[in-house]
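Remarks on the overall topology
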Amino acid sequence: MRRRRARRERADAEVVAHLRNHERDGDEAELAAARAAEARRDRIAPLPPARPTRMGDRMHALEHRVGAYYAVPFTAVWPRLWLAATEADRREIRTAAGAFEASTRLCGWGLLYAGLACATGWWPTLVAGAVVVLAAWWLGRERLFALADLADAVVDLRLRSVARAVGIPVPPGPVAPATWRELDLVLRRRR
């Protein structure tokens, strides 16, 4: 985690340097470089790493963004979002969750291969197990990132529906933070 944190800090410093150069000179190339550096930084971790894995950091970033932007805890609002989601939304989430689950099953098979290698002493199964575990880990990470992006999108698209369903009027256009705080109070009363 320390190495990831240090890598992210270096990437963040690069973003800040490009943005300062853009503000000072007005150079559009610096702005484009800052956006590219932001993308590299966010691939390392959307927020400063606080979890042991990139997958944990990505899920933490989802919870943080929803809490910071909407002032509503993700874990409190997700069951209601699921009910407010359209069937197409649910299908996309189920597909992404199924893909992530498949990668965890694949990892389990890789671990079984490694266990077989330890039990039998036949080294090719250890190699096969290691390859399968590494592939499952890489696939699982990418699939979890896709799942988190979809959950994030459902929050953005359906949170107004949840607020309306519990009796909070939400006007079209930008929503005042007080509206989301009111939704948080309603959700907390129901727990």
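The structure contained in this document is the topic of the report that follows.

**Overview of the packing of aromatic side chains**
Under the defined criterion, the tally for this structure stands at four aromatic pairs. Ring geometry for Y69 against Y70: centres 4.8 Å apart, planes inclined by 85°, an arrangement best described as edge-to-face. Taking relative accessible area as the criterion, Y69 reaches 57% and is therefore assigned exposed. Their ring planes at 85° and their centres at 5.1 Å tell us that Y70 and W180 sit as a pair that is edge-to-face. Of this pair, Y70 sits in helix α3 (residues 54–70) while W180 is found in helix α7 (residues 177–189), placing the two residues 110 residues apart along the sequence. Of the two residues examined, Y70 and W180, each falls in the buried class. Here the aromatic residues Y69, Y70 and W180 are joined through ring pairs into a cluster of three or more.

**Focus on the environment of T95**
Inspection of the secondary structure assignment puts T95 in helix α5 (residues 87–120). Judged by relative accessible area, T95 falls into the exposed class, the value being 52%. Considered as a pair, T95 and A178 are 83 residues apart in the sequence and their alpha carbons are 35 Å apart.

**A few points about the side chain of H18**
Structurally, H18 can be placed in helix α1 (residues 2–25). With residues near it in sequence (within four places) discarded, H18 still touches E30, A33, A34 and A37.

Rules used in this analysis
Residues numbered from 1 in each chain as written. Predicted model: local features only at pLDDT ≥ 70, side-chain atom pairs only at ≥ 80, totals over all residues. Heavy atoms only, no water. Phe/Tyr/Trp six-rings, centres within 6.5 Å; stacked < 30°, edge-to-face > 60°. Buried < 20%, exposed > 50% of the residue type's maximum accessible area, 1.4 Å probe, protein only. Helix = DSSP H or I, 4+ residues; strand = E, 2+ residues; numbered from the N terminus. Contact = heavy atoms within 4.5 Å.

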